[in-house]
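# Descriptive structure summary
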Amino acid sequence: MKTYTIYQSQQDVLEKISDGQVITVQLGEMKVYVKRVGLSFFAFERYCPHSGADLKKAHIHEGRELTCPMHGYCYDMVNGREVRGRSRSLKVFGAILSENGLEIFGSY
Ligand code: FES
């Protein structure tokens, strides 16, 4: 499993990504969104598996579920599954704030 580290330190990450902000990150050949919610970070594919809506404005509830702004499908942020099984899973990636920066890992 490959790990990508963005920015140089924890402080750097917190200064460059404000609370609620979504940035685009290149992981190998794939671009993903990284969203900050408080001190938590979520990395996920950019387009909804249901019908391709851009997930930049998706809301993440209680750090557990992402809701697509188009039709309201909800994806579990741990395993990517649509909570009612209405579409394929969303690709989600681990994102951990460390003293070296923001580490993003998973299969790309
Ligand atoms: S495009 Fe996301 S729920 Fe339909």
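Structural data are supplied above this passage.
First, a word on what this report is: a plain description of the structure on this page. (Residues numbered from 1 in each chain as written. Predicted model: local features only at pLDDT ≥ 70, side-chain atom pairs only at ≥ 80, totals over all residues.)

## Overview of the overall build of the chain
For the chain, the helix and strand inventory stands at one helix and nine strands. Taken from N to C terminus, the helices and strands of the chain fall in the order β-α-β-β-β-β-β-β-β-β. Over its C-alpha atoms the chain spans a radius of gyration of 13 Å, differing by no more than 12% from the 13 Å that the globule rule assigns to 108 residues. Seen through its C-alpha atoms, the chain measures out along the principal axes to roughly 40 × 25 × 20 Å. Expressed as a percentage of its 108 residues, the buried residues of the chain come to 23%. Pairs at least 24 residues apart make up 38% of the contacts formed inside the chain by residues separated by at least 6 positions. (Helix = DSSP H or I, 4+ residues; strand = E, 2+ residues; numbered from the N terminus. Rg over C-alpha atoms; globule rule 2.2 N^0.38 Å. Buried ≥ 20, exposed ≤ 12 C-beta atoms within 10 Å, placed from the backbone. Contact = placed C-beta atoms within 7 Å.)

## Focus: the environment of Gly-38
One can find Gly-38 in the loop between strand 3 (30-37) and strand 4 (40-45). Gly-38 sits 25 residues away from Gly-63 along the chain, and the two C-alpha atoms are 9.4 Å apart.

## Here we look at the sheet that holds strand 9 (residues 101-106)
An order of 1-9-8-4-3-2 is seen for the six strands of this open sheet, with the pairing classed as antiparallel. Two strands bound the open sheet, and with one partner strand each, they are strand 1 (2-6) and strand 2 (22-27). On average, each strand axis in the sheet is tilted by 30° relative to the strand beside it, whichever way the strands run. Two elements, strand 8 (residues 92-98) and strand 9, share five bridges in a ladder whose sense is antiparallel. When the bridges of strand 9 are listed, Ala-95 appears paired with Ile-104. (Pairing = 2+ DSSP bridges. Axes fitted to C-alpha atoms, helices over the stretch in contact; angles between N-to-C directions.)

## Some points on unusual backbone geometry
Of note in this structure, Tyr-7 is not a glycine but carries a positive phi near 65°. Summarising the element assignment, Tyr-7 is placed in the loop between strand 1 and helix 1 (10-16).

## Focus on the sheet that holds strand 5 (residues 59-61)
Across the sheet, which stays open at both edges, the three strands sit in the order 5-6-7 with antiparallel pairing between neighbours. Where the open sheet ends on each side, the last strands, each with one partner, are strand 5 and strand 7 (74-76). Between one strand axis and the next, the sheet turns through 30° on average, direction left out of account.

## A word on the nonpolar core
Core analysis: the largest hydrophobic core is formed by 23 residues, its most contacted members being Phe-42, Ala-43, Phe-44, Leu-66, Phe-93 and Ala-95. Of all the secondary-structure elements, those providing two or more residues to this core are strand 3, strand 4, strand 8 and strand 9. No other element matches strand 4, which puts four residues into this core. Ignoring anything within four residues of it in the chain, the contact list for Phe-44 reads Val-32, Tyr-33, Leu-55, Leu-66, Leu-90, Lys-91, Val-92 and Phe-93. (Core = buried A, V, L, I, M, F, W, Y, C linked by C-beta atoms within 7 Å.)

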